[in-house]
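The residues making up each chain are set out below.
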Amino acid sequence: MRYAMAIDTKKCVGCSDCVVACQIENKVPVGFCRDWIVETTSGTYPNLELEFRSERCHHCANAPCVRCCPTGASHIEEGGVVLVNPEMCIGCGACIASCPYDARYPHPDGYVDKCTFCIHKVRKGEQPACVEVCPTNCLYFGDIDDPNSEVSKKIKKRKYKRLKTEAGTDPQLYFLI
Amino acid sequence: MEEEIIISGRMNYKVDPTLSIWGWEIAFYLFVGGLAAGLLFFASFYYLRGKEKDYPASVKWAPMLTPFILILGLGALFLDLHHKLYFWRLYTTLRIESPMSWGAWTLMVITPLSIIWSATYVREVFPKWDWKFQWLYDLEGYFIKHRRVLAWILVFFSVILGIYTGILLSAFNARPLWNTSILGPLFLASGLSAGAAIIMFFSKNELERKLFSQLDLVIIGVELFFIIHMFMGLLASTEVQIEAARLFLGGPYTLPFWIFVVFIGMVLPGLLELLELRGQKIPAMIPVLLILVGNIMLRFVIVYAGQASRYLY
C-alpha cells in the first residue's frame, strides 16, 4: 500500500478552501498552515500561462526529514505517510532544514508539525479534509499500488509532473498537467 | 525569456519567506564545538607524541578551557530546541543516518572526557588547588595513570567532533550551499586553526609559539584551498548550486564572506604570522583575535547563507 495524492492543475482555481479545511480539521494554530496554494505565471507577455497548485507535504518515499531526525520522531507510517511523534520530537529543526518543499513548521507547542494526509480520517475510511472540501474536485487521494484506485487511474490517464525530483526525494504528490 | 512568478499563501513562522529555523545558537555552537575539537586534538596529539613538557600550553593549559566552552555550546544547543523538555529523547536512540544524533552522542562522550583531562592537570596549572576529599585524589591518581588511554579516545573523538560540525550541515540536500562534502573538512580545519590560535595566546614558550604559528599558517593555507575547492565544486554543479555560490559572488553574503571570513579571518592573520616568523615583533593577541573573529564569522555566514539557498521551482 502506498498513499499518494493527485492534484489536477487544470481544475484548481486557487480558492484556498483546502487550506482552511485543513486548519479546522487539524486545529492548526493561527498563522500557520500545513497546505498552501502556489500560483505561477510563465511565458512572455502576452503569451502567459497560469497554473494553480494546492501543495502540502509530498510524503516522499525517500524522505530526508526522516533520515536526519536525531530521535526517530519523524517516521514513516502505514502507506508511506510521513508523520511526527510529538512525544519524541525535541524541536531541533533539522527536519525543517532538510525539507526541499518547506512543508514543515515549528508548532507553537514546541514540536514540529506537518501534513498527515489526515491519516486519522483515512483509517476510518474517510478522505483527507482538503480532498473532501475541494469545490472543483481537483484533489484525488488513494492507494497508488491499487490499479483501481481513483488516483492510480488519473496518473495512468493524464500527464503529470512531480516537484523537485532532483532532490532525490521520490515525492508522492502528482500534479496533473 | 521565460519568467515564473510564485505567489504562495503560506507564511509559516521561521520558514517563510526564507528559512530561518537556525539562528545564532547553532552558529555559536558550531564555533565552540570546532574550537573545543581543535584544543582537545592538539592536547591529546602532543601528549601522545610525548611532548607534554615541551608544549605545556597545548597539553595542559589550553584544554582547561574546553569543559567551559563545551558547556556553553551545549547551553546554546539547548536554547535552540523548540521542545526543550524532551531533549533527553536524543539519548534514547542512536540513528546512524542522522548526523545530529551521532553528534549528540559524541558530545556526551567528549564533554566528560574534557572535564577529566583538565582535572588531571588542574593541580599542575593551579598549584594551590585542593580536591578536599580523599576519593577525588584517588580518582585523579587513577586517571593520571590511564592518561594514555584518555588521549587516544580524545584524539579520535575530537576529530569526529570537528568534522561533524560541518557534516551536520552538509547532510541537508534541500539547502544547496550546505550540500557540499567539503564543509566537514573545512570546519575541521577551521576548528584546528582556532585551537592553535588559543594555544599561541596561552603559550609562554618561544618554541611552542613558533610551532603553533607555523601550524596555523599551514592550516590557513589548507582552509583557503578548501574554500577555492568549494566554489569550484558549486560552480561546476547544477543550477541550484550555482545560485548558492552566487550568494557569495555578488549576492547578499559577498561582503561578510570575503571581508570577514577570508580576509580578516585567514589572509591577514596568515600574513602577520608570516611576518612574525621572519623576525618582526607582532603582539600574539592580534592574529589570535583575527582568527577567532574569522572563525565565528565563517559559522554565522554559512549557517545563514545556507538557509537562504534553496531549490528553485
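Refer to the structure printed above.
Below, the structure is looked at part by part. (Residues numbered from 1 in each chain as written. Chains lettered and ligands numbered in written order. Predicted model: local features only at pLDDT ≥ 70, side-chain atom pairs only at ≥ 80, totals over all residues.)

## Remarks on the pairing of strand β10 (residues 173-176) of chain A
All names here are of chain A.
Now for step 1: Relative to β10, strand β1 (residues 3-8) runs parallel, the two sharing four bridges. Its bridge partner being in β10, D8 is matched across the sheet by L176.
Now for step 2: With two bridges connecting them, strand β9 (residues 160-161) and β10 associate as antiparallel partners. What sits directly across from K161, in β10, is F175. (Pairing = 2+ DSSP bridges. Helix = DSSP H or I, 4+ residues; strand = E, 2+ residues; numbered from the N terminus.)

## Section: the interface of chain A and chain B
Now for step 1: Contacts between the two partners involve 41 residues from chain A and, on the opposite side, 38 residues from chain B.
Now for step 2: Those elements that provide at least two residues to the side of chain A that touches chain B are β2 (36-44), α2 (64-68), α3 (94-98) and β6 (105-106) of chain A.
Now for step 3: By residue number, the principal contributor to the side of chain A that touches chain B is β2 of chain A, which donates nine residues.
Now for step 4: Here the residues of the side of chain A that touches chain B sort into 23 nonpolar, 14 polar and four charged. (Contact = placed C-beta atoms within 7 Å. Nonpolar A, V, L, I, M, F, W, Y, C, P; charged D, E, K, R; others polar.)

## Focus on the packing of helix α1 (residues 24-48) of chain B against helix α3 (residues 66-80) of chain B
Residue and element names in this part refer to chain B.
Now for step 1: In the contact formed by α1 and α3, the axes pass within 9 Å of each other and the chain directions differ by 155°. Put simply, α1 runs roughly antiparallel to α3. As for how α1 packs across α3, the hand of that crossing is left-handed. Along its contact with α1, which presents E25, I26, F28, Y29, V32, G33, L35, A36, L39 and L40, the element α3 presents T66, I69, L70, L72, G73, A76, L77, L79 and D80.
Now for step 2: Among the residues making up the contact of α1 with α3, the classes are represented as 14 nonpolar, three polar and two charged. (Axes fitted to C-alpha atoms, helices over the stretch in contact; angles between N-to-C directions. Parallel < 35°, antiparallel > 145°, perpendicular 65-115°, else oblique. Left-handed = near helix turned anticlockwise from the far one by under 90°.)

## Focus: the sheet that holds β10 of chain A
All names here are of chain A.
Now for step 1: One open sheet holds the four strands; their spatial order is β8-β1-β10-β9, and the pairing between them is mixed. On the outer flanks of this sheet lie β8 (139-143) and β9, each paired with one strand and no other.
Now for step 2: Where β1 meets β8, five bridges bridge the pair, whose relative direction is antiparallel. The partner of I7 across the bridge, within β8, is L139.
Now for step 3: On the sheet, helix α6 (residues 150-157) packs against β1, β8, β9 and β10 and is oriented at approximately 115° with respect to β8.

## Side note on the nonpolar core
Now for step 1: Counting residues in hydrophobic clusters, the biggest one holds 145 residues, and the most contacted among them are M5 and L139 of chain A together with A43, I199 and V301 of chain B.
Now for step 2: Here the element with the most residues in this core is α1 of chain B; it accounts for 16 residues.
Now for step 3: Filtering out sequence-adjacent residues up to four positions away, A43 of chain B remains in contact with S58, V59, A62, P63 and W117 of chain B. (Core = buried A, V, L, I, M, F, W, Y, C linked by C-beta atoms within 7 Å. Buried ≥ 20, exposed ≤ 12 C-beta atoms within 10 Å, placed from the backbone.)

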